[in-house]
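# Coordinate inspection notes
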Amino acid sequence: MTLSHIDASNFDLEKSLHCGQVFHWEKYDQGFVGAIANRAAFVKQRGERLSFAGVPERIITRYFSLDHPLAEICRSFPNDPGMNAARDFCRGLRIIRQPEWECLATFICSSMKQVAHIRQISIALRKRFGARKAIYGTLVYAFPGAARLAESSDEELRKCALGYRGKNLLATAQRVASGEADLKAWRKLADDELRTRLCELPGVGVKVANCVMLFAYERLAAFPIDVWIERVLRQQYFPPRKKITARQLREFCDNYFGDHGGYAQQYLFHHARKGGGPKMAI
DNA sequence: CTCCAGGGATGAT
DNA sequence: ATCATCCATGGA
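Quick notes on the rules
- Residues numbered from 1 in each chain as written.
- Chains lettered and ligands numbered in written order.
- Predicted model: local features only at pLDDT ≥ 70, side-chain atom pairs only at ≥ 80, totals over all residues.
- Heavy atoms only, no water.
- Helix = DSSP H or I, 4+ residues; strand = E, 2+ residues; numbered from the N terminus.
- Rg over C-alpha atoms; globule rule 2.2 N^0.38 Å.
- Contact = heavy atoms within 4.5 Å.
- Areas by Shrake-Rupley, 256 points an atom, 1.4 Å probe, with all protein chains shown as cover.
- Lys, Arg positive; Asp, Glu negative; His and termini not counted.
- Charge placed at Lys NZ, Arg CZ, Asp CG, Glu CD.
- Near = heavy atom within 4 Å.
- Polar contact = N/O pair within 3.5 Å; in protein donor to acceptor, adjacent residues only side chain to side chain.
- Nonpolar A, V, L, I, M, F, W, Y, C, P; charged D, E, K, R; others polar.
- Disulfide = S-S within 2.5 Å.
- Buried < 20%, exposed > 50% of the residue type's maximum accessible area, 1.4 Å probe, protein only.
- pLDDT = per-residue confidence, 0-100.
- Phe/Tyr/Trp six-rings, centres within 6.5 Å; stacked < 30°, edge-to-face > 60°.
- Lys NZ or Arg CZ within 6 Å of the ring centre and 35° of its normal.
- Pairing = 2+ DSSP bridges.
- Axes fitted to C-alpha atoms, helices over the stretch in contact; angles between N-to-C directions.

Time to look at the overall build of chain A. Counting secondary structure elements, chain A contains 14 helices and seven strands. For a compact globule of 282 residues, the expected C-alpha radius of gyration is about 19 Å, and chain A comes in at 19 Å, within 12% of that figure. With the C-alpha coordinates aligned to their principal axes, the bounding extent of chain A is approximately 50 × 45 × 35 Å. For chain A, long-range pairs separated by at least 24 residues make up 67% of all intrachain contacts whose partners lie at least 6 apart in sequence. Summing over all exposed atoms, chain A offers an accessible surface of approximately 13,100 Å²; the carbon and sulfur share of this is 49%. For chain A, the centre of its 43 positive side-chain charges and the centre of its 29 negative side-chain charges are spaced 5 Å apart.

Right, dumping it as structure tokens:
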């Protein structure tokens, strides 16, 4: 399998894969192997040169959003100390374009879980139900389609260590497989309408819906609020010990971070988790 | 509005 | 080796 190379300036592969948006990539040689939709891919980065195998260039460019005007997006962030520190720390981090179902299913499983555990669930589902592919003699697994999971069972899903989430995943898989929930058709919906539809699915609340909007539907303003980001926001933007309702927090985020709030959220999130940024329990 | 089940990894003792 | 902690959703 031959390696191809492209210029990928203002891109950080490692950060983009490890900031909590995708969970199935594994280290291999100097890079990573994983599935992009149903194909096995190898990717590695050396400076501004991105090398890859297994998929054509357009798939790589699209998946890693190399077409996003990242410098412009970062300039649109608010100018405050916390945001500026996060912007510096996360240089090159891009929001990955994930297939809708793969993203939805993974984030249903993410509820009440930490990144390390979501990884295990994602890999377990892929190994048990997904198509097996090989690249450089290494096996990688595509994420199983909704139809495959819909014909599974609560018991079988629970073997993938997802506990009570199995019930929600199964019910949502059935709605997607039956066409009752048409994830592709939802692309044309406005943000609020899309969020409403996603929240009607079992196991999907506002937080998961916003993750799916950001990571699968290119809604770059969607701002998922989890406990991590909530800590960051309270610490950086609100007086200590002042009581702020979830609603006020939501309103602040939507107004303050602007059209690329989802990018700002990822940067704040990744900086807080990995950057030793604001002091918090890790 | 508040309370709490739920599962399994991870960190603390 | 056991114990406490983490945490989104949904339902009481």
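The next point concerns the protein's contact with DNA strand B. In the neighbourhood of DNA strand B, the contacting residues comprise Met112, Lys113, Ala116, His117, Gln120, Arg158, Ala161, Gly163, Tyr164 and Arg165. Here the atoms of DNA strand B within 4 Å of the protein split so that 70% fall in sugar or phosphate, with bases taking the remainder. At 2.9 Å, a backbone N or O of methionine 112 approaches a base nitrogen of DNA strand B. At 3.2 Å from a phosphate oxygen of DNA strand B is found a side-chain nitrogen or oxygen belonging to arginine 158. The dominant element in the surface near DNA strand B, judged by the number of residues it contributes, is helix H6 (residues 115–129), at three residues.

Of all residues adjacent to DNA strand C, which total 16 residues, the nearest are Met112, Gly203, Gly205, Val208 and Arg231. The contact atoms of DNA strand C, taken as those within 4 Å of the protein, divide so that sugar and phosphate hold 58%. Residue valine 204 places a main-chain N or O atom 3.5 Å away from a phosphate oxygen belonging to DNA strand C. Arginine 231 places a side-chain nitrogen or oxygen 2.6 Å from a phosphate oxygen of DNA strand C. Of all the secondary structure elements, the ones that give two or more residues to the surface near DNA strand C are helix H11 (206–216) and helix H12 (227–237). Partitioning the surface near DNA strand C into residue classes produces nine nonpolar, four polar and three charged.

Under the criterion given, the structure shown has zero disulfides. Unpaired in terms of disulfides, cysteine 74 finds its nearest cysteine sulfur in cysteine 90, a separation of 8.9 Å. The thiol of cysteine 211 is unpaired, and the distance to the nearest cysteine sulfur, on cysteine 103, comes to 7.4 Å.

It is worth spelling out the environment of arginine 187 at this point. In this structure, arginine 187 sits in the loop between helix H9 (165–178) and helix H10 (191–199). The exposure class of arginine 187 is partly exposed, given its relative accessible area of 34%. Separated by 26 residues in the primary sequence, arginine 187 and methionine 213 place their C-alpha atoms 9.5 Å from one another. Leaving out residues up to four positions away in the same chain, arginine 187 has contacts with Glu100, Ala216, Tyr217, Glu218 and Arg219.

Here the focus is the confidence of the model for chain A. Taken as a whole, chain A shows an average pLDDT of 93; of its residues, 98% reach a score of 70 or greater. Counted against residues more than four places away or in other chains, residues 277–282, with its pLDDT under 50, gives 16 contacts.

Moving on to the packing of aromatic side chains. Scanning the model with the defined rule gives 19 aromatic pairs in all. Taken together, a centroid distance of 6.2 Å and an interplanar angle of 45° make the contact between tryptophan 25 and phenylalanine 64 tilted. One end of the pair, tryptophan 25, is in the loop between helix H1 (13–18) and strand E2 (26–28); the other, phenylalanine 64, is in the loop between helix H2 (57–63) and helix H3 (70–75), with 39 residues separating them in the sequence. Residue tryptophan 25 shares its accessibility class with phenylalanine 64, and that shared class is buried. An aromatic cluster is built from Phe223, Tyr237, Phe238, Phe252, Tyr256 and Phe257, whose rings are joined through pairwise contacts. A cation sits over an aromatic face here: lysine 15 above phenylalanine 89, 5.4 Å from the ring centre.

The next thing to look at is the sheet that holds strand E3 (residues 31–36). Taken in spatial order, the five strands make up an open sheet running E1-E5-E4-E3-E2, and their pairing is antiparallel. At either end of the open sheet lies a strand with only one pairing partner, and these are strand E1 (4–7) and E2. The average angle at which neighbouring strand axes cross in this sheet is 35°, direction not considered.

On to the pairing of strand E7 (residues 138–141). Here strand E6 (residues 132–135) pairs with E7 via four bridges, running antiparallel. From the neighbouring strand, arginine 132 faces E7, where its bridge partner is tyrosine 141. Between E6 and E7, which follow one another and run antiparallel, lie two residues, and tyrosine 136 among them has a positive phi close to 50°.

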